[in-house]
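Here is what each chain is made of, one letter per residue.
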Amino acid sequence: MTDDTHPPEIKLTKTKRRWAADGKFLTGRVARPQDQRLPPGQHIVKDWPVLDLGQQPVIRPENWRLDITGQIEHPLSLDWVGFKALPQSDRLSDMHCVTTWSRYDNRWQGVATRDLLDQVMPKPEATHVLLTSYDGYTTNMPLADFAAEDAILATDWEGQPISRTHGGPMRLVVPHLYLWKSAKWLTRIDFRAGDMAGFWERNGYHMRGDPWREERYSGD
Ligand SMILES: Nc1nc2c(c(=O)[nH]1)N[C@H]1C(S)=C(S)[C@@H](COP(=O)(O)O)O[C@H]1N2
Ligand SMILES: [Mo]
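What counts, and where the lines are drawn
Residues numbered from 1 in each chain as written. Chains lettered and ligands numbered in written order. Predicted model: local features only at pLDDT ≥ 70, side-chain atom pairs only at ≥ 80, totals over all residues. Heavy atoms only, no water. Salt bridge = Lys/Arg side-chain N within 4 Å of Asp/Glu carboxyl O. Helix = DSSP H or I, 4+ residues; strand = E, 2+ residues; numbered from the N terminus. Buried < 20%, exposed > 50% of the residue type's maximum accessible area, 1.4 Å probe, protein only. Expected span 1.5 Å × (residues − 1). Arc of directions from axis to C-beta. Pairing = 2+ DSSP bridges. Axes fitted to C-alpha atoms, helices over the stretch in contact; angles between N-to-C directions. Near = heavy atom within 4 Å. Polar contact = N/O pair within 3.5 Å; in protein donor to acceptor, adjacent residues only side chain to side chain. Areas by Shrake-Rupley, 256 points an atom, 1.4 Å probe, with all protein chains shown as cover. Nonpolar A, V, L, I, M, F, W, Y, C, P; charged D, E, K, R; others polar. Phe/Tyr/Trp six-rings, centres within 6.5 Å; stacked < 30°, edge-to-face > 60°. Lys NZ or Arg CZ within 6 Å of the ring centre and 35° of its normal. Contact = heavy atoms within 4.5 Å.

Trainee: Is there a simple way to think about the pattern of salt bridges in this case?
Mentor: Oppositely charged side chains may form a pair once their charged atoms are brought near each other. Counted under the stated rule, the structure contains 12 salt bridges. With its nearest N and O atoms 2.7 Å apart, the salt bridge here joins Arg37 to Asp94. Of this pair, Arg37 sits in the loop between α1 (11-22) and β1 (43-44) while Asp94 is found in strand β4 (residues 89-96), placing the two residues 57 residues apart along the sequence. Assessed through its relative accessible area of 38%, Arg37 is described here as partly exposed. You can call Asp94 buried: its relative accessible area is 13%.

Here you go:
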């Protein structure tokens, strides 16, 4: 695992940091009509682009761990067998990437975040989660967003194990926020009494990231 305070500086990182500075892709629209499936400034793609910091870790099931820590009644360190023994769910959802592509109707299988929350029992102090991945990536969100009905710790996409490039063996999917919040290769969920910026959030991106409010950049 790389040091998450110094993820690799690659071309995409520099470009996306510049977009944040320039406010690129902002349409100025913030309303979210109930019937608006496609958020403002987005376009639909049929393929599934790969976006990450350029390090795609290889994790064997026997070495995989998910640590759940912080402001919870029952801290957990799960191995692959323990994770697969949790209740399994299906979700159908759209993805919205801040680089303006959206992909509709993705079928996910895995553990609903709600079922994980039932196991670990967040304390009243817990207001946010900070997520850490095997490539050193971090991202943050309010607990209420993590707990959303559609949010899932996904192991399968369209009936197949999620490929390594897309975050297998397990990634988070929080479909109502921009896709950078959906950590690939997730290995730690820290419940915190307060918010703390993750990687893109420290690099000009929004602490919440609601696509229908176009919360692309900090200050939007
Ligand atoms: N661990 C990790 N998760 C990550 C990223 C990353 O670099 N590392 N990139 C994020 C970004 S910016 C996007 S748009 C999505 C892309 O997911 P995909 O490659 O499966 O399309 O993953 C998100 N999750
Ligand atoms: Mo992204």
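Trainee: Would you take a moment to explain the environment of Gly54 for this structure?
Mentor: Following the sequence through the fold, Gly54 ends up in the loop between β1 and β2 (66-70). The exposure class of Gly54 is exposed, given its relative accessible area of 56%. In sequence terms Gly54 and Glu9 are 45 residues apart; their C-alpha atoms lie 9.2 Å from each other.

Trainee: Honestly, α1 in this entry has me stumped. Any pointers?
Mentor: Since the α-helix advances by 3.6 residues per turn, residues separated by three or four positions end up pointing in the same direction. In a regular helix each residue adds 1.5 Å, so 12 residues correspond to 16 Å; α1 covers 17 Å between its end C-alpha atoms and thus fits that length. Within α1, burial applies to Thr13, Lys16, Trp19 and Ala20. With its buried residues spanning 125° around the axis, α1 presents them on a single face. Every exposed residue of α1 that faces more than 90 degrees away from the buried side is listed here: Lys11, Ala21 and Asp22. Phi for Gly23, located one or two positions after α1, is positive at around 70°.

Trainee: Honestly, the sheet that holds β2 in this entry has me stumped. Any pointers?
Mentor: Hydrogen bonds between backbone groups are what pair the strands of a sheet, and the pairing can be parallel or antiparallel. Spatial strand order, β3-β2-β11-β6-β7: 5 strands in an open sheet with mixed pairing. Of all strands in the sheet, those with a lone pairing partner are β3 (76-78) and β7 (138-142), marking the two edges. Strand after strand, the sheet turns through a mean of 15° between neighbouring axes, direction not considered. Bridging between β2 and β3 involves 3 bridges; their strand directions are antiparallel. Residue pairing for β3: Leu66 is matched across the bridge by Leu78.

Trainee: Please clarify how the site of ligand 1 should be interpreted in this entry.
Mentor: Taken together, the neighbourhood of ligand 1 is formed by 21 residues, with Pro49, Asp135, His166, Arg171 and Lys184 sitting nearest. Between Leu51 and ligand 1, the recorded distance is 2.8 Å, taken from a backbone N or O atom to an oxygen atom. At 3.1 Å, a backbone N or O of Ser182 approaches a nitrogen atom of ligand 1. Here ligand 1 has 530 Å² of accessible area as a free molecule, and 99% of this is covered by the chains. Here the residues of the shell around ligand 1 sort into 13 nonpolar, 3 polar and 5 charged.

Trainee: Help me understand the packing of aromatic side chains, please; the structure alone is not making it clear to me.
Mentor: For any pair of aromatic rings, the description consists of the separation of the ring centres together with the inter-plane angle of the planes. As enumerated under the stated definition, the model contains 12 aromatic pairs in all. Their ring planes at 85° and their centres at 5.0 Å tell us that Trp64 and Trp80 sit as a pair that is edge-to-face. Taken as a pair, Trp64 in the loop between β1 and β2 and Trp80 in helix α2 (residues 80-84) lie far apart in primary sequence, 16 residues in all. Every member of this aromatic cluster is reached through a ring pair, and the members are Tyr137, Tyr178, Trp180, Phe199, Trp200, Tyr205 and Tyr217. A cation sits over an aromatic face here: Lys16 above Trp200, 4.3 Å from the ring centre.

Trainee: Would you mind going over the side chain of His128 with me for this structure?
Mentor: With respect to the helices, strands and loops of the structure, His128 is situated in strand β6 (residues 128-133). A distance of 2.7 Å separates the side chain of His128 from the side chain of Thr127, its partner in a polar contact. Aside from chain neighbours lying at most four places away, what touches His128 is Met141, Pro142, Leu143, Asp190, Phe191, Arg192, Gly194 and Asp195.

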